[in-house]
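Chain by chain, the residues:
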Amino acid sequence: MSESDFDVIVVGAGCAGATAAYVAASAGMSVLMIERGNFAGAKNMTGGRIYAHALREVFPGFESEAPLERRITHERLALMDAESSFAFDFTSAELAREGADSYAVLRAPFDQWLAAKAEEAGAEAIYGIAVEELVRDDAGRVVGVRAGEDQITAQAVILSEGANPLLSERCLGNPRPKPHQMAVGIKQVLELSSGQIEDRFLLPEGEGASMLFVGDCTHGCVGGGFLYTNRDSISLGLVTTISKAGDASNDTPVYQMLEDFKRHPAVAPIVRGTTVVEHSGHMVPEGGLGMVPEMTFDGCVVVGEAAGLCMNMGYQVRGMDFAVASGRMAAEAVVEAIGRGDTSKAGLAGYRARMEASFVMRDLRTFSNWPATMEGWDTLFSDYPTMAREAMNALFVVDGTPQERLMRRMMPIFRKRGLLRLGREMRGALKSL
Ligand SMILES: Cc1cc2nc3c(=O)[nH]c(=O)nc-3n(C[C@H](O)[C@H](O)[C@H](O)COP(=O)(O)OP(=O)(O)OC[C@H]3O[C@@H](n4cnc5c(N)ncnc54)[C@H](O)[C@@H]3O)c2cc1C
């Protein structure tokens, strides 16, 4: 083992990989981080908001140096049908509290900062080369990687290849994620001056907003829209399940959904006069706990989205905090295992144990039923936004027609959908949330 080229090889320099490389290098390991993009973040995408707690654990004081866009202090959730939007708007000092804070980020600058931290800590980085294979010895143990002509060995490999886990599937035998567990995300970054952002979102100077949308943004398909405010731009996009996006009954391509979303009456005034400066698309694992594969192998651990670690709750989207935390825990376990001279699956078990005790597996477990609930709840994305419009019109419209009491106006709206059915759906949702 001591004849390996490196102590640790990290495949992929996203949130999980760069954090793992930083932690391992900081502990004195020789680390090689291999990234297929020409620079860290070149191929990466996120909606836009990182919950900072996991980052702070690795990089205390990161706020003073990381390329963060805006601290999110305003939350908005909206149900929208084609002509209306029913929004829930929230702001509180608690959202800005250290430990509960979250920030809009753009992946190119953010990932480059994270990778630079790993390099400053002593990790070597190679960009523009894809790892094609995990190299195994005769006993099946991972002993390194093959990239192009080169075979490079290590005592342990940390596999952080992201949402399309080809190496995990081909070389470790982990299952391919099923179509209903995967979503496709599409996003545009739209330039807007900081003053206009603050005016349009009613924000105090420098603060940021997050908006999540359900309904017409995905043409009634399972999924949702998102909008995050950056310093001088906004990130606007949507996510919908791959099975629905490719469904023959759905004749609207995802890019057209985004164009239609931008024209929605609740969104058009926000994006008015903006210029598209970036366009990207990416897959997102949304199967929750049910898609988390084996994470420890002889000589190898799997982290971040390569291990299915992502959660879309509709009101929270989390993947980057899971990636950072799993990268840290993997690196700590690898460092310990190398110290003991045992990087077998049993020797690396500390990774799984740390994960099980942490918020990562505990949150995935708590909300393990939510992905199936959401997938089976078609009406949430189609009929509920219309129901919200009808109910809000009943509440707010005054046109001189003598008014019935509020309950008499509201009840027919709910009754025509079936009170029992609505009750059953709400109970099911509340039980899995
Ligand atoms: C539309 C969308 C919206 C999202 N919104 C949010 C959000 O608001 N908040 C949030 O927390 N999360 C969000 N997520 C999820 C979040 O972006 C991911 O969970 C997170 O980026 C995962 O980090 P990672 O390091 O595991 O993978 P990635 O960041 O994808 O990094 C994987 C890296 O591995 C590299 N790589 C892959 N294969 C190879 C190979 N063979 N050789 C070398 N390098 C390789 C890739 O180029 C990439 O750099 C969103 C995702 C999408 C797509």
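Residues numbered from 1 in each chain as written. Predicted model: local features only at pLDDT ≥ 70, side-chain atom pairs only at ≥ 80, totals over all residues. Heavy atoms only, no water.

In the annotation of an unreviewed UniProt entry, the entry for the protein reads FAD-dependent oxidoreductase, and the organism field reads Berryella wangjianweii. Under the UniProt heading Sequence similarities (unreviewed entry), the note attached to the protein is "Belongs to the ETF-QO/FixC family." Under the UniProt heading Cofactor (unreviewed entry), the entry covering the protein gives this text: "FAD". (UniProt positions renumbered as here; feature names shortened; annotations may be inferred.)

Peer 1: Hey, could you run me through the overall build of the protein in this one?
Peer 2: For the protein, the helix and strand inventory stands at 16 helices and 19 strands. In terms of overall size, the protein behaves like a compact globule, its C-alpha atoms giving a radius of gyration of 23 Å where 433 residues would be expected to give roughly 22 Å. For the protein, the C-alpha atoms occupy an extent of roughly 85 × 45 × 40 Å along the three principal directions. For the protein, with 433 residues in total, the buried portion stands at 54%. Sequence-distant contacts, at least 24 apart, represent 71% of the contacts inside the protein between residues at least 6 apart. Across the protein, the centroid of the 42 positively charged side chains sits 9 Å from that of the 56 negatively charged ones. (Helix = DSSP H or I, 4+ residues; strand = E, 2+ residues; numbered from the N terminus. Rg over C-alpha atoms; globule rule 2.2 N^0.38 Å. Buried < 20%, exposed > 50% of the residue type's maximum accessible area, 1.4 Å probe, protein only. Contact = heavy atoms within 4.5 Å. Lys, Arg positive; Asp, Glu negative; His and termini not counted. Charge placed at Lys NZ, Arg CZ, Asp CG, Glu CD.)

Peer 1: Please clarify how the pattern of salt bridges should be interpreted in this entry.
Peer 2: Opposite charge on two side chains permits them to pair, given that their charged atoms come into close proximity. Counted under the stated rule, the structure contains 32 salt bridges. Arg 354 is the partner of Glu 332 in a salt bridge, and the nearest nitrogen-oxygen pair spans 3.2 Å. Placement of the pair is Glu 332 in helix 9 (residues 320-340) and Arg 354 in helix 10 (residues 349-357), with a sequence separation of 22 residues. Its relative accessible area of 22% is what places Arg 354 among the partly exposed residues. (Salt bridge = Lys/Arg side-chain N within 4 Å of Asp/Glu carboxyl O.)

Peer 1: Help me understand the site of the ligand, please; the structure alone is not making it clear to me.
Peer 2: Close to the ligand lie 37 residues, the nearest being Glu 35, Gly 47, Arg 49, Arg 107 and Glu 305. Within the side chain of Glu 35, an N or O atom sits 2.5 Å from an oxygen atom of the ligand. Met 320 places a polar main-chain atom, nitrogen or oxygen, 2.9 Å from an oxygen atom of the ligand. Its free accessible area being 1,000 Å², the ligand has 96% of it covered by the protein chains. Contributions of two or more residues to the shell around the ligand are made by helix 1 (15-26), strand 2 (31-35), strand 13 (223-229), strand 15 (275-285), strand 19 (317-318) and helix 9. (Near = heavy atom within 4 Å. Polar contact = N/O pair within 3.5 Å; in protein donor to acceptor, adjacent residues only side chain to side chain. Areas by Shrake-Rupley, 256 points an atom, 1.4 Å probe, with all protein chains shown as cover.)

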